[in-house]
Amino acid sequence: MIPKKHAEEHFLNTHAPVACSLCSETMEREILAIHKGENCPQRIVTCEFCEFPLPAIDLAEHQEVCGNRTELCSLCNKYIRLRERYNHENRCTGVPDDIVGTSRDVRPAERGQGAQRRPPPEFSKKRFLFTIAITGIAVILGSLLFQRKPENNQMN
């Protein structure tokens, strides 16, 4: 029970309709915080596989694709889907299973390296400057070749 003199203030602070700033859904003020934190389809959540932040409404579709990516298990040298990684790690014996071979199996050269990734391509300052120079020359030539010529449509 609320005293009459506080009824309007109580209504405004608790029951007044407000719109969610994320999804524009209207609700009572007292449930807005719970909505934004747990129920709003536009709240930001993170993918369990890559930790990418995205709206909750898009999470299932993203994780369907993201969970199908594979990583090399450093124990058995097999590629494992990210969605299956936890179960695989719990039951992996560390022994490569060479009985069944597919085109997706690890290449022999990779087995000796473990789960190492290729180093990123080297950044060449000379190549970068060359690219800028060629681009600049192309822009200058293009502007010279495609300049509009004054039209002589005036009749004397």
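Residues numbered from 1 in each chain as written. Predicted model: local features only at pLDDT ≥ 70, side-chain atom pairs only at ≥ 80, totals over all residues. Heavy atoms only, no water.

Undergrad: How should I be thinking about the side chain of Thr14 in this particular structure?
TA: Considering the arrangement of structural elements, one finds Thr14 in helix H1 (residues 4-15). Classification of Thr14 by relative accessible area gives buried; the value is 15%. Residue contacts for Thr14: discarding those within four places in its chain leaves Glu28, Arg29 and Glu30. (Helix = DSSP H or I, 4+ residues; strand = E, 2+ residues; numbered from the N terminus. Buried < 20%, exposed > 50% of the residue type's maximum accessible area, 1.4 Å probe, protein only. Contact = heavy atoms within 4.5 Å.)

Undergrad: Sorry if this is basic, but what is going on with the pattern of salt bridges here?
TA: Pairs may arise between side chains of opposite charge once their charged atoms sit close together. A full pass over the atoms with the stated rule returns 3 salt bridges. For the salt bridge of Arg83 with Glu64, the shortest nitrogen-to-oxygen distance reads 3.9 Å. Taken together, the residues span a long stretch of sequence, with Arg83 in the loop between strand S6 (79-81) and helix H4 (85-91) and Glu64 in helix H3 (residues 59-66) at a distance of 19 residues. Under the relative-accessibility criterion, Glu64 is labelled partly exposed at 47%. Linking Glu84 and Arg81 is a salt bridge whose minimum nitrogen-to-oxygen distance equals 3.7 Å. (Salt bridge = Lys/Arg side-chain N within 4 Å of Asp/Glu carboxyl O.)

Undergrad: I keep staring at the nonpolar core and nothing clicks. Help me out?
TA: It is characteristic of soluble globular proteins that their nonpolar side chains tend to be buried jointly. Within the largest apolar cluster, 5 residues are counted, these being Val18, Cys20, Met27, Leu32 and Cys40. The residues touching Val18, leaving out its near neighbours within four places in the chain, are Glu25, Thr26, Met27, Glu28, Arg29 and Leu32. (Core = buried A, V, L, I, M, F, W, Y, C linked by side-chain atoms within 4.5 Å.)

Undergrad: I'm lost on unusual backbone geometry in this one. Help?
TA: The bulk of non-glycine residues show a negative phi, and the bulk of peptide bonds are trans. Positive phi is not limited to glycine here, since Ser24 has a value of about 70°. By the element assignment, Ser24 lies in the loop between strand S1 (17-19) and strand S2 (26-28). Here the phi dihedral of Asn77 falls at roughly 60°; this positive angle occurs in a residue that is not glycine. Assignment of secondary structure puts Asn77 in the loop between strand S5 (70-72) and S6. Look at Asn77 and you get buried, because its relative accessible area is 11%.

Undergrad: Quick question: what am I supposed to make of the confidence of the model for the protein chain here?
TA: Any region with low pLDDT has predicted coordinates that should not be read closely. With 75% of its residues at a pLDDT of 70 or more, the protein chain has an overall mean of 79. Mean pLDDT in the protein chain bottoms out at helix H5 (residues 108-111), which sits at 48, and peaks at strand S4 (residues 53-55), which reaches 95. The low-confidence segment residues 109-113 (pLDDT under 50) makes 5 contacts with residues lying over four places distant or belonging to another chain. (pLDDT = per-residue confidence, 0-100.)

Undergrad: Could you clarify how one ought to interpret the environment of Ser74 in this entry?
TA: Considering the arrangement of structural elements, one finds Ser74 in the loop between S5 and S6. Look at Ser74 and you get exposed, because its relative accessible area is 52%. Separated by 20 residues in the primary sequence, Ser74 and Gly94 have C-alpha atoms spaced 8.1 Å apart.

Undergrad: What is the right way to look at the environment of Pro41 in this model?
TA: With respect to the element layout, Pro41 can be found in the loop between helix H2 (32-39) and strand S3 (44-46). Excluding anything up to four places from it in sequence, Pro41 contacts Cys23, His35, Pro55, Ala56 and Ile57.

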